[in-house]
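The residues making up each chain are set out below.
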Amino acid sequence: IECNPNSITKEKMDIYKECGINRVSIGLQSTHNDVLKTIGRVHSFEDFQNALDIVNNAGIDNISVDLIYPLPNLDFKRFKESVDYVIGFDEDTPKELIEALTPNILIKGGDYTPETVVGADWVTSHGGKVVIIPLLAGHSTTAILNSKNN
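Calculation rules
- Residues numbered from 1 in each chain as written.
- Predicted model: local features only at pLDDT ≥ 70, side-chain atom pairs only at ≥ 80, totals over all residues.
- Heavy atoms only, no water.
- Pairing = 2+ DSSP bridges.
- Helix = DSSP H or I, 4+ residues; strand = E, 2+ residues; numbered from the N terminus.
- Buried < 20%, exposed > 50% of the residue type's maximum accessible area, 1.4 Å probe, protein only.
- Polar contact = N/O pair within 3.5 Å; in protein donor to acceptor, adjacent residues only side chain to side chain.
- Phe/Tyr/Trp six-rings, centres within 6.5 Å; stacked < 30°, edge-to-face > 60°.

Draft legend 1. Seen up close, the sheet that holds strand β2 (residues 23–29). Across the sheet, which stays open at both edges, the three strands sit in the order β1-β2-β3 with parallel pairing between neighbours. Every interior strand has two partners, whereas the edge strands, β1 (2–3) and β3 (62–67), have only one. Alignment of β1 against β2, held across two bridges, turns out to be parallel. Considered in β2, the bridge of cysteine 3 is made with isoleucine 26.

Shown next as structure tokens:
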């Protein structure tokens, strides 16, 4: 079910869970209150944090969050702050994340081989596949992030 952060209550989550709903998508859009106000959202980032606590406490652990880019008053650096908040990732490799998500397809750039892709063994052992795509000069993730951050 999709919900606005300010519409989530403990009572609603308990009813949803009782009805068999096991996934909640929360429309955060941005972690920056000035951006939320500019786009006419009636919730704040703090409302989202409260809503997330309510959903977690209801025992629903399949949660997704909607973020939007571009938006007025939201440059890439600030968007990345929102992404970093939602996807906290402190590991050296994405191994734990890959194992938690178990994607059907794991894609890496052409400077990798299937044998060197972290998580490839997990994905393939669960019926997924690893796809190596060609590199395009100047289009690496690192180059894109560096250009956006500068």
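Draft legend 2. Just unusual backbone geometry, in detail. Omega for the peptide link from tyrosine 69 to proline 70 comes to 0 degrees, which places this bond in the cis form. The backbone phi angle of asparagine 73 is positive, close to 65 degrees, even though this residue is not glycine. Mapped onto the fold, asparagine 73 is located in the loop between β3 and α4 (76–86). Here asparagine 73 falls in the partly exposed class, since its relative accessible area comes to 46%. Here the phi dihedral of threonine 102 falls at roughly 45 degrees; this positive angle occurs in a residue that is not glycine. For threonine 102, the position within the fold is in the loop between α5 (95–101) and β4 (105–109).

Draft legend 3. Highlighting the side chain of histidine 43. Structurally, the position occupied by histidine 43 is in the loop between α2 (33–38) and α3 (45–57). For histidine 43, a relative accessible area of 4% puts it in the buried group. Within the structure, histidine 43 has its side chain in polar contact with the backbone oxygen of leucine 28 (distance 3.1 Å).

Draft legend 4. Quick look at the packing of aromatic side chains. In this structure the tally under the stated criterion is six aromatic pairs. Taken together, a centroid distance of 6.2 Å and an interplanar angle of 15 degrees make the contact between phenylalanine 45 and phenylalanine 48 stacked. Taken together, the residues phenylalanine 45 and phenylalanine 48, both in helix α3 and three residues apart, mark about one turn of the helix. Looking at phenylalanine 48, the relative accessible area reads 1%, which means it is buried. These aromatic residues form a ring-pair network of at least three members: Phe45, Phe48 and Tyr85.

Draft legend 5. Representation of the environment of valine 86 within the structure. Of note, valine 86 is situated in helix α4. Sequence-wise, valine 86 and glutamate 96 are 10 residues apart; in three dimensions their C-alpha atoms are separated by 16 Å.

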